[in-house]
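Coordinate analysis (summary)
These are the residues of each chain, in order.
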Amino acid sequence: MDHLSYKTLTVNKKTANKGWVIVDAGQGSLGRVASEIAKILKGKNKPSYTPNADCGDNVIVINSDNLRFTGRKWDQKYYLSHTGYPGGQRRTSPRELKAKSSTLLVERAVRGMLPKGPLGRELFRNLHVFAGSEHPFAAQQPKELTFNL
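Scoring rules and cut-offs
- Along each chain, residue indices are assigned from 1 in the same order as the chain's sequence is written.
- For this predicted model, a pLDDT threshold of at least 70 governs which residues receive local features, and a threshold of 80 or more governs which side-chain atom pairs are given and counted, while totals over whole chains, interfaces and linings are taken from all residues.
- As a rule here, side-chain values come from all non-hydrogen atoms in the structure, and water together with hydrogens is ignored.
- UniProt positions are given in the numbering used here, feature names are shortened, and annotations may be inferred rather than shown by experiment.
- Put simply, a patch holds well-exposed residues, over 30% relative accessible area, that have no salt bridge, with like charges counted together within 9 Å and Val, Leu, Ile, Met, Phe, Trp or Tyr side chains within 5 Å.
- Here the open area of atoms and residues is found with the Shrake-Rupley method and a 1.4 Å probe, where only the protein chains shown may cover a residue.
- The term salt bridge refers to a pairing of a side-chain nitrogen on Lys or Arg with a carboxyl oxygen on Asp or Glu at a separation within 4 Å.
- Positive charges come from Lys and Arg alone, negative charges from Asp and Glu alone, with His and the N- and C-terminal ends not counted.
- Charge placement uses NZ in Lys and CZ in Arg. For Asp and Glu, CG and CD serve respectively.
- Labels follow the DSSP assignment, with helices taken as runs of H or I lasting at least four residues and strands as runs of E lasting at least two, numbered in each case from the N terminus.
- Categorising residues by exposure relies on relative accessible area from a 1.4 Å probe, with only protein chains included: less than 20% of the type maximum marks a residue as buried, more than 50% marks it as exposed, and the intermediate range marks it as partly exposed.
- Note on geometry: axes are C-alpha line fits, over the in-contact stretch for helices, and angles between N-to-C directions span 0 to 180 degrees.
- Any angle from 65 to 115 degrees is called roughly perpendicular, while one under 35 is roughly parallel, one over 145 is roughly antiparallel, and all others are oblique.
- A clockwise turn of the near helix away from the far one marks a right-handed crossing, whereas an anticlockwise turn of less than a right angle marks a left-handed crossing.
- Contacts were defined at the residue level, with two residues in contact if any of their heavy atoms lie within 4.5 Å.
- Here the term charged refers only to Asp, Glu, Lys and Arg, the term nonpolar to Ala, Val, Leu, Ile, Met, Phe, Trp, Tyr, Cys and Pro, and the term polar to all other amino acids, Gly among them.

An unreviewed UniProt entry lists the protein under the name Large ribosomal subunit protein uL13, with Pontibacter burrus given as the organism. According to the UniProt record, the Subunit (unreviewed entry) comment for the protein reads "Part of the 50S ribosomal subunit." Per UniProt, the protein carries the Sequence similarities (unreviewed entry) text "Belongs to the universal ribosomal protein uL13 family."

Next up, the structure:
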């Protein structure tokens, strides 16, 4: 048998087969939906997955207003941030963050599940989150995904 017949094919930006996917954020709890979205963004659901390349699909998340948490996390969970000044640590509950914009909750959860560095920032650009069921990406003919969560 020829030694070249077992050549491993890796995907790069030009050869990646990127599609468009719609995910409904109201399907399950935030963490479970966000982990599935992160897998799709990274491309782990494809047989041609390459860890160091952007080979995942573009993800449209709709209905982020219908987001769910389990237990009493709406009031007991806190997101920490810092202003950079002494004593500048701020904490925000998911309820306060949702009052600002419900898309921030999904974006923050998914960003934490993506790789840190240039590749993670590039993958995050493929995420589009909307509060309602309307989105401007109908021309891309996205496929709707449902999860068993």
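Now that the structure has been shown, the text picks up again.
Judged by side-chain charge, Lys 73, Lys 77, Arg 108 and Arg 111 come together as a positively charged surface patch. Among the structural elements, Arg 108 can be located in helix H4 (residues 102-113). Residue classification places Arg 108 among the partly exposed residues on the basis of a relative accessible area of 36%.

This part is about the packing of helix H1 (residues 30-42) against H4. Across the interface, H1 lies against H4 with an axial gap of 9 Å and an inter-helix angle of 55°. Judged by the angle between their axes, H1 and H4 are oblique. Note that H1 runs across H4; the crossing there is right-handed. Counted together, Leu 30, Gly 31, Ala 34, Ser 35, Ile 37, Ala 38 and Leu 41 of H1 and Leu 105, Val 106, Ala 109, Val 110 and Met 113 of H4 form the full contact between these two elements. By residue class, the composition of the contact of H1 with H4 is ten nonpolar, two polar and no charged.

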